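So you can see what is in the structure, the chains are spelled out below.
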Amino acid sequence: TGVQTCALPICLARAAIILAPLLLVAVLLPRLGPWLMRVDPLGKADAIIVLGGTMYERPLEAVDLYKAGYAPRIYLIREAEDWGELELEQRGITFTRPVDVQLETMERVGVPHGVVKIIEASDSTAEEAAHIRDLVARERFTRVIIVTSKQHTRRARLVMNRRLAPAGAQVIVRASKYDKSDIDHWWRNRSTLRFTLFETQRLLAYWIGLAD
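Since the structure is predicted, the reported quantities are computational estimates derived from the model, not experimental observations.

Basis of the calculations
- Residues numbered from 1 in each chain as written.
- Predicted model: local features only at pLDDT ≥ 70, side-chain atom pairs only at ≥ 80, totals over all residues.
- Heavy atoms only, no water.
- 1 Å grid on protein atoms, 1.4 Å probe; cavity = no way out; pocket = protein on both sides within 12 Å on 5 of 7 lines; lining within 4 Å.
- Points joined across faces, edges and corners; volume = space filled by probe spheres on them.
- Helix = DSSP H or I, 4+ residues; strand = E, 2+ residues; numbered from the N terminus.
- Nonpolar A, V, L, I, M, F, W, Y, C, P; charged D, E, K, R; others polar.
- Expected span 1.5 Å × (residues − 1).
- Contact = heavy atoms within 4.5 Å.
- Buried < 20%, exposed > 50% of the residue type's maximum accessible area, 1.4 Å probe, protein only.
- Salt bridge = Lys/Arg side-chain N within 4 Å of Asp/Glu carboxyl O.
- Axes fitted to C-alpha atoms, helices over the stretch in contact; angles between N-to-C directions.
- Parallel < 35°, antiparallel > 145°, perpendicular 65-115°, else oblique.
- Left-handed = near helix turned anticlockwise from the far one by under 90°.
- Core = buried A, V, L, I, M, F, W, Y, C linked by side-chain atoms within 4.5 Å.
- Pairing = 2+ DSSP bridges.
- Right-handed = clockwise from strand over helix to strand, strands pointing away.

This part takes up empty space enclosed by the protein. Space left empty within the atom packing is revealed by a probe, the size of a water molecule, rolled over the atoms. This structure, assessed with the given rule, holds 1 cavity of 30 Å³ or more. In this model, the largest cavity occupies a volume close to 50 Å³. Taken together, Val50, Leu51, Gly52, Thr54, Pro59, Leu76, Ile77, Glu79 and Gln102 make up the lining of the largest cavity. Of the residues forming the lining of the largest cavity, the biggest block, 3 residues, is contributed by strand β2 (residues 74-79). Across the lining of the largest cavity, the residue classes tally to 5 nonpolar, 3 polar and 1 charged.

Below, the structure written as C-alpha cells:
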C-alpha cells in the first residue's frame, strides 16, 4: 500500500490544530510568574498583617510600612508547630520558636516593644484568612495591609478578599520588596520554579472549588 497523503488545506488545518496549543503555551508560560503577582495601591490601614512562610523577608516589609506610617500595629502569624516542637513541649523543655526570633529582630531594627502582636498558628492561606477575619471582627478594623511574597499575592488576594468581605474590611495586598525572586525568568531558579508551579496549582484548585 502507498503512503497516505492529505490535501494541502487539510494538512495545514491539522498542523494548526496541533501547533496552536503549543504556541499558546510558549507565549503564555513565560508570563506566568509576573501574572501571579497582583498587588494593591498602598493606603493607611488599621494594621499590617504578615502571612507566614518566610523568616525575615515578609516581616522586614512590615517594618518598613510601619515606619512609613501606614499602620500603627503589626501582626505576625505563628507558624504551625512541627512534631519536634510538640515533643519538646511534652517533655517540658522550653525552646525558642521562630516567631520569638522574629519579634526580637523586629525590635532590633526599630519597632517599639508591644507594636508586634501574634496571631494563632496556621498552616494554610485559608486558615490564615480565617484567623484574620476573626481578628478584624474583634478589633473592628476597616482596612488591613496583607504582606506576602510576590507569587503568593494573587491567590492571597482572592482568599483574603473573599473571607474578609463579610466583616466589612478592605484588604490591601503587598509583596515584600525583600523577595528577590526573578519572576520574569521564574524557570531559571529551582525554588522560584517550585513556588510558581505550586501557586499555579493552588489557584486552579481554588477556582474549581477543590481548595480554599
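We are not done yet, so read on.
Attention shifts here to helix α6 (residues 125-139). Compared with an ideal rise of 1.5 Å per residue, which puts 15 residues at 21 Å, α6 spans 21 Å between its outermost C-alpha atoms and is within 8% of the ideal. Against β1 (47-50), β2, β3 (116-122), β4 (143-148) and α7 (153-164) lie the buried residues of α6. Downstream of α6 by one or two residues, arginine 140 has phi in the positive range, about 60°.

Taken as a whole, the largest pocket spans an internal volume of roughly 330 Å³. As for the largest pocket, its lining consists of 17 residues, of which Gly52, Gly53, Asp123, Ser124 and Thr125 are closest to the centre. Counting only elements with at least two residues in the lining of the largest pocket, the list comes to α6 and α8 (190-207). The residue inventory of the lining of the largest pocket, partitioned by class, reads 3 nonpolar, 7 polar and 7 charged.

Within the fold, serine 149 resides in the loop between β4 and α7. On the basis of relative accessible area, serine 149 is assigned to the buried category, the value being 4%. Each residue touching serine 149, except ones within four places of it in the same chain, is listed here: Thr54, Glu57, Arg58, Ala175, Asp179 and Phe195.

A full pass over the atoms with the stated rule returns 7 salt bridges. Notably, a salt bridge pairs aspartate 40 with arginine 157, separated by 2.7 Å at the nearest N-O pair. Here the residue aspartate 40 occupies a position in the loop between α2 (32-36) and β1, and arginine 157 occupies one in helix α7, the gap between them amounting to 117 residues.

Before going further, it helps to examine unusual backbone geometry. In the Ramachandran plot, arginine 140 falls in the positive-phi region, its phi being about 60° despite a non-glycine side chain. Residue arginine 140 is classed as exposed on the basis of its relative accessible area, which comes to 73%.

Where α6 meets α7, the closest approach of the two axes is 9 Å, and the angle between their N-to-C directions is 40°. On the basis of their axis angle, the class for α6 and α7 is oblique. In this structure, the crossing between α6 and α7 has a hand that is right-handed. Only Arg155, Ala156, Val159, Met160, Arg163 and Leu164 of α7 make contact with α6, whose side of the interface consists of Thr125, Ala126, Glu128, Ala129, Ala130, Ile132, Arg133 and Val136. Among the residues making up the contact of α6 with α7, the classes are represented as 9 nonpolar, 1 polar and 4 charged.

Another point: the nonpolar core. Counting residues in hydrophobic clusters, the biggest one holds 21 residues, and the most contacted among them are Ile49, Ile132 and Ile146. Elements with a minimum of two residues in this core: β1, β2, α6, β4, α7 and β5 (170-175). In this structure, isoleucine 146 is in contact with Ile49, Leu51, Ile132, Met160, Val171, Ile172, Val173 and Arg174, ignoring residues within four places of it in sequence. The next biggest cluster of nonpolar side chains, apart from the first, holds 18 residues, and it includes Ile48, Leu65, Leu76 and Ile145.

Now for the pairing of β5. Bridge analysis of β4 against β5 gives 6 bridges, and the strand direction is parallel. Each bridged residue has a counterpart across the sheet, and for valine 144 the counterpart in β5 is valine 171. Between the parallel pair β4 and β5, the chain is carried across by α7, and the sense of this crossover is right-handed.

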